[in-house]
Amino acid sequence: YTSFFPLLDFLDDENFSAIKEALRRSDVLSAFNAAHALKGVVGNLGMDSFYYRLHPVVEKLRSGDADGTEEEIKSLEKEYENIKKLIRENIKKEV
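**Q** What exactly am I supposed to notice about the overall build of the protein here?
**A** In terms of helices and strands, the protein carries five helices and zero strands. Going residue by residue from the N terminus, the α and β elements of the protein occur as α-α-α-α-α. Dimensions of the protein, computed from C-alpha atoms along their principal axes, come out at roughly 40 × 25 × 20 Å. Counting only residues that meet the buried cut, the protein has 34% of its 95 residues in that class. Considering the protein, the positive charge centre built from 14 side chains and the negative charge centre built from 18 side chains are found 3 Å apart.

**Q** Sorry, what's going on with the packing of helix α3 (residues 28-44) against helix α4 (residues 48-62) here?
**A** Packed helices, taken two at a time, are described by the angle between their axes plus the distance between the axes. Closest axis-to-axis distance for the α3/α4 pair is 9 Å, and the angle between their directions is 155°. As judged from the angle between their axes, α3 and α4 are roughly antiparallel. Classified by chirality, the crossing of α4 by α3 is left-handed. Residue-level contacts link V28, A31, F32, A35, H36, L38, K39, V42 and G43 of α3 to F50, Y51, L54, H55, V58, E59, L61 and R62 of α4. Tallied by class, residues from the contact of α3 with α4 come to eleven nonpolar, three polar and three charged.

**Q** Before we go on, may I ask you to explain the pattern of salt bridges in this structure?
**A** As a working rule, side chains carrying opposite charge can pair if their charged atoms are close by. Considering all chains together, one arrives at seven salt bridges under this definition. Taking the shortest distance from any N to any O, the salt bridge between D27 and R25 comes out at 3.1 Å. Taking relative accessible area as the criterion, D27 reaches 24% and is therefore assigned partly exposed. In this structure R25 comes out as partly exposed when scored by relative accessible area, which is 43%. E79 is the salt-bridge partner of R53, the closest N and O atoms lying 2.6 Å from each other. Of this pair, R53 sits in helix α4 while E79 sits in helix α5 (residues 69-94), placing them 26 residues apart in sequence. Residue R53 is classed as partly exposed on the basis of its relative accessible area, which comes to 33%. Bridged by salt links that share partners, the residues E21, R24, R25 and D27 form one connected network.

**Q** Sorry if this is basic, but what is going on with α3 here?
**A** Note on helix geometry: an α-helix contains 3.6 residues per turn, so any two residues three or four positions apart are oriented the same way. End to end, α3 covers 24 Å across 17 residues, agreeing with the expected 24 Å (1.5 Å per residue, within 8%). When α3 is considered as a whole, its buried residues turn out to be A31, F32, A34, A35, L38, K39, V41 and V42. Contact partners of the buried residues in α3: α1 (6-10), α2 (15-24) and α4. Backbone geometry just downstream of α3 places G46 in the positive-phi region, at approximately 75°.

**Q** Is there a simple way to think about the environment of S30 in this case?
**A** For S30, the position within the fold is in helix α3. For the pair formed by S30 and E79, sequence separation is 49 residues and the distance between their alpha carbons is 22 Å. Not counting chain neighbours up to four residues away, the residues in contact with S30 comprise A22 and R25.

Conventions and cut-offs
- Residues numbered from 1 in each chain as written.
- Predicted model: local features only at pLDDT ≥ 70, side-chain atom pairs only at ≥ 80, totals over all residues.
- Heavy atoms only, no water.
- Helix = DSSP H or I, 4+ residues; strand = E, 2+ residues; numbered from the N terminus.
- Buried < 20%, exposed > 50% of the residue type's maximum accessible area, 1.4 Å probe, protein only.
- Lys, Arg positive; Asp, Glu negative; His and termini not counted.
- Charge placed at Lys NZ, Arg CZ, Asp CG, Glu CD.
- Axes fitted to C-alpha atoms, helices over the stretch in contact; angles between N-to-C directions.
- Parallel < 35°, antiparallel > 145°, perpendicular 65-115°, else oblique.
- Left-handed = near helix turned anticlockwise from the far one by under 90°.
- Contact = heavy atoms within 4.5 Å.
- Nonpolar A, V, L, I, M, F, W, Y, C, P; charged D, E, K, R; others polar.
- Salt bridge = Lys/Arg side-chain N within 4 Å of Asp/Glu carboxyl O.
- Expected span 1.5 Å × (residues − 1).

Right, here's the structure in full:
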């Protein structure tokens, strides 16, 4: 992250969409790489709830198994979008 406000940088992070696209293409390795990167980002930002929900997806992809991960990502998407909404509504007011 390059900004003084890493939460603002999170808004531009493309890992979540990269996971979805990789799963759509059945590219398990790319999905794993994006999920692993996203897990690191949310972990570093203290987004514990999202981190712990994402962790099993990362481990499943790490094993080369994508079965059910698309559904898991869809279920995480609402939380992901809510996090981004909260950042937009609250952090930008402070900048």
